[in-house]
Amino acid sequence: MPLANDFCEGNEEREGYAPLKLMWCPRCTLGQLSVVVNPKLLYKEYSYVTSNSQTMRNHFDTLIRDLKSESECESVLEIGSNDGRLLNHFQELGTKTVLGIEPASNLADIALRNGINTINEFFDQEIAGIVADNPKPPDVIVARHVFCHIDDWQEAIYGLQKLCANGAIAAIEVPYFIDTINTVEFDQIYHEHLSYMTIEAMKHALQGTGMVISNVKHYPIHGGAIVMFIKRGRVHCDWSESLTLEDLRAFAHKSHACIADLIRLVHELVADGKIVVGYGASAKATQWINSCGFTRKHLKWVCDSTHQKQWAFMPGTDIPVVDEGALTRDLPDYAICFAWNFADEIIAKEKIFREKGGRWIVPHGEIKIVEPHQTAVKETA
Ligand code: TYD
């Protein structure tokens, strides 16, 4: 597969392809990729910007509320702070001191320009030591969808150990592997996601560190995510989960069936003279499009609100990425919502498309079609 966020313009060199194979440990239930693409290649100029959608803002509100029931949140450190959006939200809700650690220089620059104190580095023990030695060390450490990008767990866990030594709490948000499997979200598997997390896997990683998972919250964001609250202590909180090799085999089988369904549907629509496009140039879009072997013949374009992605091509294809306005300019017959995690918000926002008879295809597990009279995905059930 191509690298999921390798958005290049016509004359730019692409990074190429790498094997994408998910391995699984039946003992600790962690999933990991067989190949680690050099992080410097993936994150130097990173095009993923934290969503500014209402869905995400609501999630931030809930997350900060839940964190405040665990800690004062006077000084917050975010690992993988992207363009500083979550830290800005903390500030708006009363946190005085915020600090971000962000390896992508383009995103760290945006955060700094917006007044969010940011260190442009990868998180490691050394950086953790420097931050922990600050006169006002953080009482809360947040890492949203970062641990799934980490290969060297020891380095990250030792870094957390330094930061939590004085009683701080860490909130680690990851896509929940059990949800990924149960909802057949094969499109969440790509080179940036090196680790596929369960509570059991985190318990194993924390062994011998003096830290435990004190609480777990389950959220619907991104198709199902958990936040594990980690701090110094002796006893892990209760959480029951189960994942077996049979579950993974069923997942592989269902993923192939979903891919075959979308290929069949799009080929039929195109043969029938219908115009089909994509909405949301997410990493998930790269996975679906390349798994289905779609080219510009099948999808005229994929639109996306992120400026960094526009006017480039979808990784591995000749399909251009355009601005969101293209949906009402072109009024295609069908739009595949590759940002299915924001589907209801997008369907509500793109009212004109619906009113003019446009249909949504939502590829989240099974392929759902949203008819023009329907205003949300759930109504189709
Ligand atoms: P996301 O699901 O966060 O990312 P990924 O699969 O890459 O981890 O990305 C959603 C993409 O959809 C992102 O590129 C922004 C885009 N988008 C829009 O273009 N319009 C919208 O209204 C929303 C909510 C997202």
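Within every chain, residues take consecutive numbers counted from 1 along the sequence as written. Side-chain atom pairs in this predicted model are given and counted only at pLDDT of 80 or more, local residue features only at pLDDT of at least 70, and totals for whole chains, interfaces and linings cover all residues. Heavy atoms from the whole structure form the basis of all side-chain values; hydrogens and water molecules are not counted.

A. Examining the nonpolar core more closely. F147, M202 and W360 are the most contacted members of the largest nonpolar core, which has 119 residues in total. Here, two residues are considered to be in contact whenever any of their heavy atoms come within 4.5 Å of each other. Beyond its immediate sequence surroundings of up to four residues, M202 is in contact with F147, W153, I157, I172, M197, I213, M228 and I230. Definition of nonpolar core: a set of buried residues of the types Ala, Val, Leu, Ile, Met, Phe, Trp, Tyr and Cys, connected through side-chain atoms within 4.5 Å. Each residue's exposure class comes from its accessible area (1.4 Å probe, protein chains only) as a fraction of the maximum for that residue type: buried when under 20%, exposed when over 50%, partly exposed otherwise. Core analysis: the second largest hydrophobic core is formed by nine residues, L3, A18, L42 and Y43 among them.

B. Spatial organisation of the sheet that holds strand β2 (residues 31-33). Strands were regarded as paired on the criterion that DSSP finds at least two bridges between them. Helix and strand assignments follow DSSP, with helices taken as H or I runs no shorter than four residues and strands as E runs no shorter than two, numbered in order from the N terminus. Pairing is antiparallel in the open sheet, where three strands are placed in the order β1-β2-β8. The two strands at the open ends of the sheet, each matched to only one other strand, are β1 (22-24) and β8 (195-196). Summarising the sheet, β1 and β2 pair through three bridges and their orientation is antiparallel. If you follow W24 over to β2, its bridge partner there is G31.

C. Molecular detail of the site of the ligand. The nearness test applies per residue and asks whether one of its heavy atoms lies within 4 Å of the molecule or strand. Contacts to the ligand come from 19 residues, most closely from K284, D304, E324, N341 and K349. Side-chain atoms alone can form a polar contact between residues adjacent in sequence; in general such a contact is a pair of N or O atoms within 3.5 Å, and within protein one must be able to donate a hydrogen while the other accepts it. In this structure, Y190 approaches the ligand through a side-chain N or O atom, which is 3.3 Å from an oxygen atom. Separating an oxygen atom of the ligand from a backbone N or O atom of A283 is a distance of 2.8 Å. Burial of the ligand by the surrounding chains reaches 92%, relative to a free accessible area of 570 Å². Put simply, the parts of the chain that give the shell around the ligand at least two residues each are α10 (283-292) and α12 (343-349). What sets the accessible areas is the Shrake-Rupley method with a 1.4 Å probe; for residues, cover comes only from the shown protein chains.

D. Representation of the pairing of strand β15 (residues 359-364) in the model. With five of six residues buried, β15 is to be regarded as a mostly interior element. Where β15 lies against strand β16 (residues 366-370), five bridges are found, and the strand directions are antiparallel. Bridge assignment links W360 to a residue of β16, and that residue is V370. Where β15 folds back on β16, the antiparallel hairpin that results is connected by one residue, among which G365 adopts a positive phi of roughly 70°.

E. Region of the structure containing helix α8 (residues 199-206). Those residues of α8 lying buried are I199, A201, M202 and L206. Across the axial projection of α8, the buried residues extend over an arc of 160°, all falling on one side. Those residues of α8 that are buried are in contact with α6 (153-164), β7 (169-175), β9 (211-219) and β10 (225-232). One or two steps after α8, the chain reaches G208, where phi turns positive at roughly 80°. In this description, the arc belongs to the directions extending from the helix axis to the C-beta atoms.

F. Region of interest: the environment of V146. Position of V146 among the secondary structure elements: in the loop between β6 (140-144) and α6. Here V146 falls in the buried class, since its relative accessible area comes to 13%. Sequence spacing of V146 and A283 is 137 residues, and the spatial spacing of their C-alpha atoms is 15 Å. Residues in contact with V146, not counting those within four places in the same chain, are I79, G80 and E173.

G. Region of the structure containing the sheet that holds β7. A sheet is described by the order of its strands in space; here seven strands give the open sequence β5-β4-β3-β6-β7-β10-β9, paired in mixed fashion. This sheet does not close on itself; its edge strands, each paired only once, are β5 (118-119) and β9. Of the strand pairs in this sheet, β7 and β10 are connected by six bridges, and their pairing is antiparallel. Among the inter-strand pairings, V174 is bridged to a residue of β10, identified as I226. The angle between two axes is taken between their N-to-C directions and runs from 0 to 180 degrees, where each axis is a line fitted to C-alpha atoms and a helix contributes only its stretch in contact. Along the sheet face, helix α3 (residues 85-92) touches β3 (75-79), β4 (97-101) and β6 and points at about 175° away from the line of β4. Its contacts with the sheet put α8 on β7, β9 and β10, and the angle it makes with β9 is roughly 160°.

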